[in-house]
Amino acid sequence: MHTEDYDIATIEQYLAGQLEAEAAARFEAELERDETLRIDTAQYRRLFDGLAALRSQAYNDKFAGWEAEAQLVEQETELAPVLEGLAALRSENLRDKMAGWEIAHQTRAPAGKAAVIKTLRPVFVRRLAVAASIILLVGVGLSWYATMNYSSERLAEISYRMPNIGNTMGGEQTLRSRLESRFADAHRLMEQKLYSEALIAFGEVLTLSRAAGLDETRMRYYSDQVSWNRVIILLAQEAPEAEVQAALEKVIADPQNEYQGKAEALKAQLDSFWRRLVW
Amino acid sequence: MSNYKEDESQLNLLRNGGEAVWQQFYDQHRGSFRAFFMQYGRMSPEEASGLLQDAMVVFHYNATTGKLSAPLQSNLKTYLIGIGKVLLRRKGGSTTGWDDQIPDEPVAPIADRIADQEAAAKMARALLDRIGEPCRSLLEMVYIKEFVMEAVAENLGLPSEGAARKRKFDCLQKMKELLR
């Protein structure tokens, strides 16, 4: 007879090939003897296979991301001659200046020693230089726009809204009054951009909301507030992208969450082309 | 004695490695895979990239579940292209005229495995949809998103890693009961 709590861990290790040879042999001997264990193991094999298949499907998003990165590298390679050309134009520009300096020298030189300075550069080279400068300016402008509107700090700012908190009354310190007070604290800290402290305060809000015996609607309100503000905090603190995305996905995956729409909009902004241009 | 020692070492790394190892593998084979299907399958670069990603999903499942294991019958590049070939056929694409480029022997079981993988994923998704919260989120975090237990505990507001692990076993047991 086996106790299931103990066996799931062992079954999982056995199926993943993670048991030492001796332990695996013991487990197999147990499988021979115990029919229930045999049936359980077969069922868990199906479950773990199914979960592994879902994990592999989830990798599809990652593959798409790597493909985009690879294409970017390719584009950079393709752009290399253009960039080199621009560098050449920059050098040409210096040559222009040197020609100007030379003319100045000639002008200052004693009479009789004047020489004719003739530039060999065709006109189109100058035009290209002008075009390159314009491209550079446009690039800087786009990047500036992206930084102003799509930086983590900016996205956190525009995603955050102070809810209508009302007055937190004094008097008897019930769990509910402590909850309301801590909730107001958390939002004040958010407004002051004291994100680490706000995260702690929201954690306490979650704990208090579970203990305060609230009705379902109220519980949901606090839970949605905490999960959404956690996303904003991670974003503002420039946490690793994966962590922000995981917190965001949690909100998006919950159709009851009040902030699902906002989370989807934020995800679109995070995945947008402009984010790549942020300094 | 295996002819594909290096590939077997790489497979072992992939089976136990994280995302970085997989990205390296993706980058390593991207060029040859796309070139192959652009040349022989007459695919556009975008179509070839899409096929590569589909093939990688199948490859990932086979590698991480031990369904592809030593001793290998071909190198990993051939195997990956073989998966692409099977997937292309399944989509109704023709491989006539270049079948000999990638012999069928090493990749013959792939078609069956792809069907098994799809059925397994469908079954697990259906059970996750039925199991309810917080089990669904927890199992997704552990088995799909590959969160460490500490992160699972933090995300679910559980007091410790141990509590998260205990909850995981409870949820697995519940999922198994749904399977019955």
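An account of the accompanying structure is given in this report.

The rules behind the values
Starting from 1, residues in each chain are numbered consecutively following that chain's sequence as written. Each chain is given a letter, starting from A, and each ligand a number, starting from 1, according to the order in which they appear as written. With pLDDT at 70 or above as the cut-off, local features in this predicted model cover only qualifying residues; side-chain atom pairs require 80 or more to be listed or tallied, and sums for whole chains, interfaces and linings still use all residues. Only hydrogens and water are set aside when side-chain values are computed; all heavy atoms of the structure are taken into account. What counts as a helix is a DSSP run of H or I of at least four residues, what counts as a strand is a run of E of at least two, and both are numbered from the N terminus. Contacts are assigned to residue pairs that have any heavy atoms within 4.5 Å of one another. Calculation of accessible area relied on Shrake-Rupley with a 1.4 Å probe; when residues are assessed, cover is drawn exclusively from the protein chains displayed. Here's how the labels work: a residue is buried when its accessible area is under 20% of the maximum for its type, exposed when over 50%, partly exposed in between, all with a 1.4 Å probe on protein chains only. A pair of sulfur atoms, both from cysteines and within 2.5 Å, is called a disulfide here. The method works on a 1 Å grid over the protein atoms by themselves. A cavity is a set of points holding a 1.4 Å probe that cannot get out, a pocket is an open set with protein on both sides within 12 Å along at least five of seven lines, and residues with an atom within 4 Å of a point line them. Grid points are joined across faces, edges and corners, and a volume is the space filled by probe spheres set on the points. Any residue that is not Ala, Val, Leu, Ile, Met, Phe, Trp, Tyr, Cys, Pro, Asp, Glu, Lys or Arg is counted as polar, Gly included; the first ten are nonpolar and the last four charged. Among the buried residues, those of types Ala, Val, Leu, Ile, Met, Phe, Trp, Tyr and Cys that are joined through side-chain atoms within 4.5 Å form a nonpolar core. For salt bridges, the criterion is a side-chain nitrogen of Lys or Arg within 4 Å of an Asp or Glu carboxyl oxygen. Within 3.5 Å is the distance limit for a polar contact, defined as a pair of N or O atoms, with the added protein rule that one can donate a hydrogen and the other accept it, and that residues adjacent in sequence qualify only through two side-chain atoms. A patch consists of residues whose relative accessible area exceeds 30% and which take part in no salt bridge; residues with like charges are grouped when within 9 Å of each other, and nonpolar side chains (Val, Leu, Ile, Met, Phe, Trp, Tyr) when within 5 Å. Note on definitions: angles span 0 to 180 degrees between N-to-C directions of axes, and those axes are lines fitted to C-alpha atoms, for helices only across the stretch in contact. Roughly parallel means an angle under 35 degrees; roughly antiparallel means over 145; roughly perpendicular covers 65 to 115; every other angle is labelled oblique. A crossing counts as left-handed when the near helix is turned anticlockwise from the far one by less than a right angle, and as right-handed when that turn is clockwise. Expected helix span is given by 1.5 Å per residue-to-residue step, counting one fewer step than there are residues.

## Overview of the overall build of chain A
When helices and strands are counted, chain A shows 11 helices and 0 strands. Reading the helices (α) and strands (β) of chain A from amino to carboxyl end gives α-α-α-α-α-α-α-α-α-α-α. Put simply, 63% of the contacts in chain A that link residues at least 6 apart link residues at least 24 apart. Within the structure as shown, chain A displays about 17400 Å² of accessible surface, and the carbon and sulfur contribution to it stands at 56%.

## Quick notes on the overall build of chain B
Scanning chain B for helices and strands turns up 8 helices and 0 strands. Its helices and strands taken in sequence order, chain B reads α-α-α-α-α-α-α-α from the N to the C terminus. With 180 residues in all, chain B has 48% of them scored as buried. Counting only contacts in chain B whose residues sit at least 6 apart along the sequence, the fraction spanning at least 24 positions is 61%. Only carbon and sulfur atoms are counted for the fraction: they give 48% of the accessible area of chain B, which is about 8800 Å².

## Some details on the state of the cysteines
Any covalent bond linking the sulfur atoms of two cysteines counts as a disulfide. Residues and elements named next belong to chain B. Under the counting rule described, the total for this entry stands at 1 disulfide over all chains. Covalent S-S linkage joins C135 and C171, the inter-sulfur distance amounting to 2.2 Å. Residues C135 and C171 are joined by a disulfide whose S-S torsion is about -80°; by sign, that bridge is left-handed. Of this pair, C135 sits in helix 6 (residues 135-144) while C171 sits in helix 8 (residues 161-179); the two residues are 36 residues apart in sequence, bridging distant segments of the chain. On the basis of relative accessibility, which here comes to 8%, the residue C135 falls in the buried class. Accessibility expressed as a relative area gives 1% for C171, which makes it buried.

## Thoughts on empty space enclosed by the protein
Residues and elements named next belong to chain A. Applying the stated criterion to the full structure yields 2 cavities of 30 Å³ or more. Counted as a void, the largest cavity has a volume near 40 Å³. Forming the boundary of the largest cavity are S159, Y160, R161, H187, Q225, W228, N229, Y259 and K262. By residue number, the principal contributor to the lining of the largest cavity is helix 8 (residues 216-236), which donates 3 residues. Residue composition of the lining of the largest cavity, by class: 3 nonpolar, 4 polar and 2 charged.

## Notes on the nonpolar core
Counting residues in hydrophobic clusters, the biggest one holds 41 residues, and the most contacted among them are L139, L172 and M175 of chain B. For this core, the leading source of residues is helix 3 (residues 35-108) of chain A, giving 8 residues. If we ignore the near neighbours within four places in the chain, the residues touching M175 of chain B are L47 and L51 of chain A together with A124, L127, L128, I131 and L139 of chain B. Formed by 36 residues, the second largest nonpolar core is a distinct cluster that contains Y222, A236, A239 and L248 of chain A.

## Some remarks on the pattern of salt bridges
Overall, the coordinates contain 23 salt bridges over all chains when judged by the stated rule. We note a salt bridge from D40 of chain A to K176 of chain B, for which the minimum N-O separation is 2.8 Å. Highlighted residues: D40 of chain A in helix 3 and K176 of chain B in helix 8, drawn from two different chains. We note that D40 of chain A, like K176 of chain B, is buried. Of the charged contacts in the structure, one is a salt bridge between D170 of chain B and K166 of chain B, with a shortest N-O distance of 3.0 Å. With D170 of chain B and K166 of chain B both in helix 8 and 4 residues apart, this pair spans about one turn of that helix. D170 of chain B sits in the partly exposed class, given a relative accessible area of 32%.

## Thoughts on the interface of chain A and chain B
Chain A puts 38 residues into the contact, and the matching count from chain B is 46 residues. If you look at where chain A meets chain B, you find 6 salt bridges. When the shortest N-O distance is used, the salt bridge between E67 of chain A and R34 of chain B registers 3.4 Å. Taken together, the connections running from chain A to chain B amount to 15 residue pairs in polar contact (both at pLDDT 80 or more).

## What about unusual backbone geometry?
The step from A70 of chain B to P71 of chain B runs through a cis peptide bond, and the omega angle for that step is -5°. Within the fold, P71 of chain B resides in the loop between helix 3 (45-64) and helix 4 (76-90). Here the amide bond leading from E133 of chain B into P134 of chain B is cis, since omega sits at 0°, within 30 degrees of zero. For P134 of chain B, the location among the structural elements is in the loop between helix 5 (110-131) and helix 6. Phi angles above zero are rare outside glycine, and E238 of chain A is one such case at about 55°.

## Quick look at a nonpolar patch on the surface
Residues and elements named next belong to chain A. A cluster of nonpolar residues, V130, I134, V138 and L142, forms a patch on the protein surface that exposes about 330 Å² of accessible area. Secondary-structure assignment places I134 in helix 4 (residues 123-150). You can call I134 partly exposed: its relative accessible area is 47%.

## Some points on the packing of helix 5 (residues 152-159) of chain A against helix 10 (residues 260-270) of chain A
Packed helix pairs are characterised by how far apart their axes lie and by the angle those axes make with each other. All names here are of chain A. Where helix 5 contacts helix 10, the axes come no closer than 12 Å and their chain directions differ by 165°. When the interaxial angle is binned, helix 5 and helix 10 end up roughly antiparallel. Of the two elements, helix 5 crosses helix 10, and the hand of that crossing is right-handed. From helix 5, L155, I158 and S159 reach across to helix 10, where they touch L266, Q269 and L270. In the contact of helix 5 with helix 10, the residues fall into 4 nonpolar, 2 polar and no charged.

## Observations regarding helix 8 of chain A
Its 21 residues give helix 8 of chain A an end-to-end C-alpha distance of 30 Å, which sits within 8% of 30 Å, the value for a rise of 1.5 Å per residue. Just beyond helix 8 of chain A, the residue with positive phi is E238 of chain A, at close to 55°.

These figures capture arrangement, not role.
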